[in-house]
Amino acid sequence: MTFKKSLLLLGLTALLGCSSARPAHTSQASSEEQYHVTIDLTKVKEDKVQVTVLAPELKQEEIIYNMPKIVPGTYSISDFGKFVSEFSALDNKGRKLVVEKLDENRWRIKEADKLQKITYWVDDTFDAAKKTEAIFEPGGTNIEASKNFLLNTFGFVGYFDGLKQLPFRLTITKPQGFYGSTPLKATSSTATSDTYLLPDYVTLADSPLMYNAPDTTVLDLGETDVLVSVYSPSGKVKSKPIAANIKDILQAQRNYLGGKLPVDKYAFLIYVPEKVGKSGSFGALEHSNSSVYFLPEMPEEQFSSTMRDVAAHEFFHIVTPLTIHSEQIGNFDFINPDMSKHLWMYEGVTEYFASHVQVYEKLIDLDAYLNKIQEYIATSKAYYNDTLPFTEMSAKVLGPYEKEYGNVYQKGALIGLVLDVRLRELSQGKYGLRDLMQELGKTYGKNKSFKDEELFDKIAELTYPEIREFFTKYVEGSEPLPLEETFKKVGITYEPMSKQLVNSYGGFVPGYDNESGKIIVEATDDMDAFGKELGLKPGDRLLKWNGKEMSPSNVRQLIGEDLQKMKPGDDVTVTVGRLEKKKLNEVTLKAKVRQAERIVPHYLQPDPKATPQQLALRAAWLNINAQ
């Protein structure tokens, strides 16, 4: 996903065009105390668009204009200044002022008290010249003349030192027939331009837009309108089926959050390329009132499943960091950020809610939910440092612990789970993590940030002293989470390693073919009876499993879930791509399901001997019958 990684906006009147002279200085805040920005999408030059910024009134002799080095939610360095060229600063007579480029992202402007406007051209990140410069596409920009413009605003617009808090009047000059998908409310809109007013730079940076010929569907979730906007170059993916696919999960989230959402408008901006982009990744980036998706074309069932999972996570960010966030996020430093130590909450609790809501609102059953938890545990234990204090990792995620970031979606979710069960235990099932987050939302809210060092004490004050001890041990400290103890409380057996009879996938050694993006049979030396009956050979590309197209992103679904639901003796059909006489042929292989003994890591199973007390706590935790 995401990097995952947030503010309702008000509007006023029309923006001055980029060719207009700067308004005469008056006492009106609308002319002196705000930025006037125009992004022109009608005149594309070498995949670049021009940005014009009419400056607010400046009194200092020098000032620095900044493009973001890093933006909220990405937890990695982007250096958007490297996509800027032909930077000019002009006075009200059109005379160029002296500009000194300080580094990748900053320009010092001399005689700033005479500055009327700056202009520059911005290249898109989707077509970065070097793979090393590639930016995770949901946090990037796309410029395709007459086709599509993905405008993560922080990739086009910067700010002057000390003036992030001033309002921005943003005008997008658009091609005929183009529609701007955004959660923003336009102050004016014509066939050729849209104007928006934003209260400050943090809000501007939090407000992506996507312009193209419209393919949109609006969902009504009570008091919240949800826009689903899709751009698919091939035309194969449409907004209406996606909206229908995610509607029940969004309704479930609304119920889960008490029947009312903290936003009145939300937008899903979905770019569907025909293949993975230059970053080699796909997923989404969240914002307070929207989320941006980069999901390549894939089989319909796989696309639907991926979209639901990613959307469930991103949509929950309306809780945090929209209504609950630290000062580091509330007043984000786009050049030298001080990272918050609470990624366990921003990403971890969000991911926990995204899966927990599905079992709590009866969209999936207990077995499916336990499979998801098993995946969290296995991934966290296999790929990340389990003894690294989570707060330390979070605070230093841009430095020494950059490679540990992915654990926010694994152990972070498990922190949320263990905390939820502990709260339910202490309250005899009456109070859980959702209740805590609602209280924190009321205590702080979108316009009030908490101090990083005070959050744990505030949570203990709102809940129980034992919860402060929980954070000391397992989030600030290096002790592994008490998983076995936690699952036992809710009548679930947890075994780090368990011998189980499972339906065999063949026992071959899997590999990956970069050219085709397919899983291959790397070796067959230890292949079991099922694999031999199928007739798998080294080098085979796995194309389909029981008629469903197979890829690295759905292999767990096909083998870990679908295959395991089959009975011994059922027919299995596997389609492989096999190189024969220098030609790749599709070959259909058949066998019957066979079981084999396997060591299953992090095995989870409901305990048939669970006590009434354990079942009652499980029922309160998962909203299921106590039986």
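Structural data are supplied above this passage.
Below you will find a few notes about this structure.

The rules we used
- Residues numbered from 1 in each chain as written.
- Predicted model: local features only at pLDDT ≥ 70, side-chain atom pairs only at ≥ 80, totals over all residues.
- Heavy atoms only, no water.
- Helix = DSSP H or I, 4+ residues; strand = E, 2+ residues; numbered from the N terminus.
- Buried < 20%, exposed > 50% of the residue type's maximum accessible area, 1.4 Å probe, protein only.
- Lys, Arg positive; Asp, Glu negative; His and termini not counted.
- Charge placed at Lys NZ, Arg CZ, Asp CG, Glu CD.
- Salt bridge = Lys/Arg side-chain N within 4 Å of Asp/Glu carboxyl O.
- Expected span 1.5 Å × (residues − 1).
- Bend = angle between axes of the 7 residues up to and from the residue.
- Axes fitted to C-alpha atoms, helices over the stretch in contact; angles between N-to-C directions.
- Parallel < 35°, antiparallel > 145°, perpendicular 65-115°, else oblique.
- Left-handed = near helix turned anticlockwise from the far one by under 90°.
- Contact = heavy atoms within 4.5 Å.
- Nonpolar A, V, L, I, M, F, W, Y, C, P; charged D, E, K, R; others polar.
- Pairing = 2+ DSSP bridges.
- Core = buried A, V, L, I, M, F, W, Y, C linked by side-chain atoms within 4.5 Å.
- Polar contact = N/O pair within 3.5 Å; in protein donor to acceptor, adjacent residues only side chain to side chain.

### Some details on the overall build of the protein chain
Tallying secondary structure elements over the protein chain gives 16 helices and 28 strands in all. Overall size of the protein chain, expressed as C-alpha extent along the three principal axes, is 85 × 70 × 45 Å. Taken over 627 residues, the protein chain has a buried fraction of 56%. Averaging the positions of the 75 positive and the 85 negative side-chain charges in the protein chain gives two centres separated by 3 Å.

### Describing the pattern of salt bridges
In this structure the tally under the stated criterion is 31 salt bridges. With a shortest N-O distance of 3.1 Å, Glu111 and Lys114 are connected by a salt bridge. Given a relative accessible area of 28%, Glu111 falls into the partly exposed group. A relative accessible area of 43% means that Lys114 is categorised as partly exposed. The partner of Asp386 in a salt bridge is Lys381, and the shortest N-O contact between them spans 2.9 Å. Classification of Lys381 by relative accessible area gives partly exposed; the value is 35%. Bridged by salt links that share partners, the residues Asp91, Arg95, Glu111 and Lys114 form one connected network.

### Digging into helix α6 (residues 343-360)
The end-to-end C-alpha distance of α6, which contains 18 residues, comes to 24 Å, matching closely the 26 Å that a straight helix rising 1.5 Å per residue would cover. Most pronounced at Val349, the bend in α6 amounts to some 25 degrees. Of all 18 residues making up α6, 18 are buried, and the element is well covered by its neighbours.

### Section: the packing of helix α11 (residues 455-462) against helix α12 (residues 465-474)
Orientation of α11 relative to α12, taken along the N-to-C sense of each, is 150 degrees, at an axis distance of 7 Å. As far as their axial angle goes, α12 and α11 are roughly antiparallel. Of the two elements, α11 crosses α12, and the hand of that crossing is right-handed. Counted together, Phe456, Asp457, Ile459 and Ala460 of α11 and Pro465, Ile467, Arg468 and Phe471 of α12 form the full contact between these two elements. Counted by class, the contact of α11 with α12 contains 6 nonpolar, no polar and 2 charged residues.

### Some words on the environment of Val572
Looking at the secondary structure, you find Val572 in strand β26 (residues 571-580). Counting along the chain gives 425 residues from Val572 to Lys147, while the straight-line C-alpha distance between them is 44 Å. Each residue touching Val572, except ones within four places of it in the same chain, is listed here: Phe530, Leu534, Trp545, Asn546, Leu563, Met566, Leu589, Lys590, Ala591 and Val593.

### Quick word on helix α16 (residues 612-622)
For α16, a buried count of 8 out of 11 residues is recorded, marking the element as mostly surrounded by other parts of the structure. Listing the buried residues of α16 in full gives Gln614, Leu615, Leu617, Arg618, Ala619, Ala620, Trp621 and Leu622. Next to the buried residues of α16 lie α6, α7 (366-383), α9 (411-426), α13 (483-489), β21 (492-503) and β28 (595-606). A positive backbone phi angle near 60 degrees is found at Asn623, which sits one or two residues after α16.

### With respect to the sheet that holds strand β18 (residues 265-271)
The mixed open sheet is built from 5 strands, whose spatial order is β16-β17-β18-β20-β19. The open sheet is flanked by β16 (216-221) and β19 (283-286), the only strands paired with a single partner. Averaged over all pairs of adjacent strands, the angle between strand axes in this sheet comes to 15 degrees, irrespective of strand direction. Relative to strand β17 (residues 224-231), β16 runs antiparallel, the two being bridged by 6 bridges. Each residue of the ladder has a partner; that of Leu221, found in β17, is Thr224. Strands in contact with helix α4 (residues 300-315) are β18, β19 and β20 (290-294); relative to β18, the strand with the most contacts, it is inclined by about 140 degrees.

### A closer look at the nonpolar core
Core analysis: the largest hydrophobic core is formed by 96 residues, its most contacted members being Phe268, Met307, Trp344, Ile373 and Trp621. The element best represented in this core is α6, accounting for 11 residues. Those residues within four positions of Phe268 in sequence are excluded, and the remaining contacts are Val226, Leu227, Val228, Ser229, Ile246, Leu250, Ser291, Tyr293, Met307, Ala311 and Phe315. Residues Leu58, Ile70, Ala89 and Trp107 belong to the second largest nonpolar core, which totals 56 residues.

### Let's talk about the side chain of His287
Looking at where His287 falls in the secondary structure, it is placed in the loop between β19 and β20. In this structure His287 comes out as buried when scored by relative accessible area, which is 2%. Here Asp206 takes part through its side chain, which lies 3.2 Å from a polar atom of the side chain of His287.

### Describing the packing of α7 against α16
The interhelical angle for the contact between α7 and α16, taken along N-to-C directions, is 80 degrees, at an axis separation of 13 Å. As summarised for this structure, α7 and α16 are arranged roughly perpendicular, according to the angle between their axes. In contact with Leu366, Tyr369 and Ile373 of α7, α16 contributes Arg618, Trp621 and Leu622.

### Looking at the pairing of strand β23 (residues 518-523)
Pairing geometry for strand β22 (residues 509-513) and β23, over 5 bridges, is antiparallel. Residue pairing across strands places Pro510 opposite Val521, the latter belonging to β23. Turn length for the β22-β23 hairpin, with the two strands adjacent in sequence and antiparallel, is 4 residues, and the turn residue Gly517 shows positive phi of about 70 degrees.

### A short note on the sheet that holds strand β4 (residues 84-91)
Across the sheet, 7 strands lie side by side as β4-β7-β2-β1-β11-β14-β13; this open sheet has mixed pairing. The sheet terminates laterally at β4 and β13 (188-189), the two strands that pair on one side only. Of the pairings in the sheet, the one linking β13 to strand β14 (residues 193-198) comprises 2 bridges and is antiparallel in character. Looking across to β14, one finds that Ser188 is bridged to Thr195.

### Notes on unusual backbone geometry
Residue Thr320 is joined to Pro321 through a cis peptide bond whose omega torsion reads 15 degrees. A positive phi is found at Asn546, a non-glycine position, where the angle reads about 50 degrees. Within the element layout of this structure, Asn546 appears in the loop between β24 (541-545) and β25 (548-549).

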